[in-house]
Every structure is written in C-alpha cells, then in structure tokens.
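Below, each chain spelled out in residue letters.
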Amino acid sequence: MRTNPRTRTLGVLTAAVLALSACGTPGSGGGQAESDPTSAAGGAPACEPVAGETLVVLEDDLGLQNADNVIPAINAQVAADHPQVVELLDAVSAALDTDRLIELNRAVDVERRTPTEVAAQFVTDESLESPDASVGSGTSLTVGAANFSESITLAEIYAQVLRSAGFDAQAQTIGARETYLPALQSGEIAVVPEYAATLVTYLNAEVNGADAPSVASSDVEETVTALEPLAEDSGLVVGAASAAQDQNAFAVTAEFAAEHELTTLSDLAATCGEVVLAGPPECPERPFCQIGLEETYGLSVGEFKSYDFALIGQAVRQGDAAVGLVTSSDGSLATRD
C-alpha cells in the first residue's frame, strides 16, 4: 500500500508524517459509519483520538508486516572478484538500525542537508573507514540508488566506505527497481541498497512467476534465507541485513499511548473497542492495513478516514484519527532537537 518510489505494495512495506499516495483531504472519510460507544467484542470502550505533537509507533508484536530491512544487493561477479566489498558493506549494515535510519532521513528531509554531507558524518561517527586504503586500488564501482532520498543517502554511505578502501566508487541515482535491477545484474552498477522483503518478493515473481506463493515474512532471518537462493539465481549476492527497517507501521500520539498505556498493537486491540483509522484510500481492502488490523489483531475500526500520504501523520497529531498508517523510517519520527 505504500506508494513511495520503491513502488512496493502494502504487503512488503516507529511513527511519522506519511508518504502514501492517496486522494482526499484531511477529514474526508473512506467509511463514515457511526461508531457505537462500546465494542461488540468484550464491551471495551471506543478510544477517541487524542491530539499531540509526537507520534509513536506501536510494536507489531504479531508480525503483520513483512521484514523490509535494509540490505546490500551486490553484483555476483563483483562480490566474487572483490570479497572486501561485501565485508565493508556488512559493516555498514551492522551500524544501522531503525532509529539511526530515522536520523539520517531527518537530516536530509527535514534539516535539508545533502545526502553526501549526511553520509560523510555517518561514516565518521560510526568509524566505518577501511583500515586498508589500498585494497580496492584501480577498481571503479558504481553504487546505484533508487530515486528517493533514503536510498540516495544509503548509496552515498556505501560509496564513501568503498572509497575509504581505495575503490573509485561513485553513487548514482538510477530510478525505479525495474531500471536499476537489470543494471545491477549486468554489472553496469556494482551494488544497490535494497530492502529484504520487497526484494525477495520482486525476485520471487521474476524467478517463479507472478502467482508464486509469498516467501517474505515478518522474520528477517527467514526472509533473507528465502532471498539468498533467489538472488543467486538472479546473478546477485546479498550482504548482511541491517536492523534498520523501512516498512509500514501504525502510529498514535504519545498522549494517546500514555492515556491507554499502549506499547503494542495487541495492547491497542485489547484496550480499545473501536478506533478511528487514517490511511490511504485502499487501506480498507488491503491485508496489511485495515484487514490485517482486524483479522490479525482483532481491532475494530469504527471509522476509516482517507488521506493523502503526507497528511496522515498530521491527521493523527491533530486528533482527527486515533491511529495512522506510517512508514517506520520517516525522518519526522526523530525526537532529537
């Protein structure tokens, strides 16, 4: 359901201003049935929205979303000829988690610093420079990026780490996966920052057909285990998955979470008989949005409100909805000054 430049579906996608592409204006509902004051299930009271400035993501404790962890995808010949490339990028993965990714995105998207500048600071702060500045001498490598800021920043980090080892490495924005993946497979580009669940879903369809059963899951180790042979069949090698996730998540205001003592989506379902949910227009029909909340968690959505991607977080902050579908790495989630 996410429609960012990665063109991932909702199934392969904490808390923030969103990036979902949708129609409608704040407050325009996708289904404005009147809510009962209590839920039919157990008689729990409906939980009214609570306005607040800070959003918090509720833990997806039952694994509704697939594991879209950042992972380097490398041309197989490059990996074979230069195993140091894999080692260097695995070190980047070890330094990344979701909070750090949020900070990187905040620096670029909110503070308007350049991806190159932000990448350089990250490499320095995390001591990611290679101890051997000559290992890649004489080898030129292009690091590809999709056409959105997070991917560009990650590609700049990869390129700067590779340059510290002597590679002549440059980051280049390529475009959508349909464009950069063939270039990666052919060796025109050497590496791309990827997302585990999205990539395994894409390759599974390419290798096994569009109707092949899904091999992505909420477990990152299982997802990567399924990804590795598909990558090999596609002329790729994947490095270590980072702890950083960019995927769908559900957020409430910090005030709402405190009032109801919530940390997980299970807490929300157990506490609230009904909620007002904000999301893109297709949310009520998607298994990773409203249907998933209802079937996986037993949450009752008393009213759904449809918003443009960039306005969902605002709607939750203003108290127009109790819960909103967000992306887990959005830069507006950062709490530092």
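Anything mentioned here points back to the structure above.
Each value, and the rule that gives it
Residues numbered from 1 in each chain as written. Predicted model: local features only at pLDDT ≥ 70, side-chain atom pairs only at ≥ 80, totals over all residues. Heavy atoms only, no water. Helix = DSSP H or I, 4+ residues; strand = E, 2+ residues; numbered from the N terminus. Buried < 20%, exposed > 50% of the residue type's maximum accessible area, 1.4 Å probe, protein only. Contact = heavy atoms within 4.5 Å. Polar contact = N/O pair within 3.5 Å; in protein donor to acceptor, adjacent residues only side chain to side chain. Phe/Tyr/Trp six-rings, centres within 6.5 Å; stacked < 30°, edge-to-face > 60°. Lys NZ or Arg CZ within 6 Å of the ring centre and 35° of its normal. Axes fitted to C-alpha atoms, helices over the stretch in contact; angles between N-to-C directions. Parallel < 35°, antiparallel > 145°, perpendicular 65-115°, else oblique. Left-handed = near helix turned anticlockwise from the far one by under 90°. Expected span 1.5 Å × (residues − 1). Disulfide = S-S within 2.5 Å. Bend = angle between axes of the 7 residues up to and from the residue.

Glancing now at the side chain of Ser164. As for its position among the elements, Ser164 is in helix α5 (residues 149–164). For Ser164, a relative accessible area of 16% gives the class buried. Excluding anything up to four places from it in sequence, Ser164 contacts Leu128, Glu129, Ser130, Asp132 and Ala133.

Secondary-structure assignment places Thr253 in strand β8 (residues 248–253). Thr253 sits in the buried class, given a relative accessible area of 1%. There is a polar contact of 2.7 Å between the side chain of Thr253 and the backbone oxygen of Val50. Setting aside chain neighbours within four positions, we find Thr253 in contact with Val50, Ala51, Gly52, Thr54, Leu55, Val56, Val316 and Arg317.

Now for unusual backbone geometry. Even without glycine at this site, Arg112 takes up a positive phi of about 65 degrees. Despite not being glycine, Glu261 shows a phi value in the positive range, around 55 degrees.

Take the packing of aromatic side chains next. On inspection of all chains with the given rule, the structure shows 1 aromatic pair. Arg177 extends its terminal NZ or CZ atom over the ring of Tyr202, reaching a point 5.9 Å from the ring centre.

All right, on to the packing of helix α4 (residues 115–125) against α5 then. Remark: α4 packs on α5, axes separated minimally by 8 Å, with the N-to-C direction vectors making an angle of 50 degrees. Our classification of the angle between α4 and α5 gives oblique. For α4 against α5, the interelement crossing comes out right-handed. Of the residues in α5, those in contact with Pro115, Thr116, Val118, Ala119, Ala120, Phe122 and Val123 of α4 are Ile152, Thr153, Glu156, Ile157, Gln160 and Val161.

Take the environment of Glu303 next. With respect to the helices, strands and loops of the structure, Glu303 is situated in strand β10 (residues 301–306). By relative accessible area, which is 17% here, Glu303 ends up buried. For the pair Glu303 and Leu277, spaced 26 residues apart in the sequence, the C-alpha separation amounts to 6.3 Å.

Turning our attention to helix α2 (residues 83–95). Compared with the 18 Å implied by 1.5 Å per residue over 13 residues, the 19 Å span of α2 between its first and last C-alpha is a close match. Restricting attention to buried positions, one finds in α2 the residues Val85, Val86, Leu88, Leu89, Val92, Ser93 and Ala95.

Tracing the sequence through the fold places Leu104 in helix α3 (residues 98–110). Between the alpha carbons of Leu104 and Ser329 there is a distance of 9.1 Å; along the sequence they are 225 residues apart. Setting aside its immediate chain neighbours within four residues, Leu104 contacts Leu96, Val118, Phe122, Thr153 and Ile157.

Applying the stated criterion across every chain yields a total of 2 disulfides. The disulfide partner of Cys47 is Cys272, and the S-S distance across this bridge is 2.1 Å. As the torsion about the S-S bond is roughly -95 degrees, the Cys47-Cys272 disulfide counts as left-handed. Placement of Cys47 in the loop between β1 (29–31) and β2 (55–58) and of Cys272 in the loop between α10 (265–271) and β9 (275–279) is noted, with a sequence separation of 225 residues between them. The buried category is assigned to Cys272, whose relative accessible area is 2%. Taken in sequence order, the bonded cysteines of the protein link in the pattern 1-2, 3-4.

On to helix α8 (residues 220–233). Helix length check: α8, at 14 residues, gives a terminal C-alpha distance of 20 Å against a target of 20 Å (1.5 Å per residue), a fit within 8%. Taken as a whole, α8 carries its principal kink of about 25 degrees at Leu227; the proline Pro229 stands between one and four residues after it. Every buried residue belonging to α8 is among Thr223, Val224, Leu227, Leu230 and Ala231, and all of these are buried. Those residues of α8 that are buried are in contact with β3 (70–75), α7 (196–208) and β7 (236–238). Between the side-chain oxygen of the N-cap and the backbone nitrogen of Glu221 there are 2.9 Å, and the N-cap of α8 in question is Asp219. Following α8 by one or two positions, Gly235 adopts a phi angle in the positive range, close to 80 degrees.

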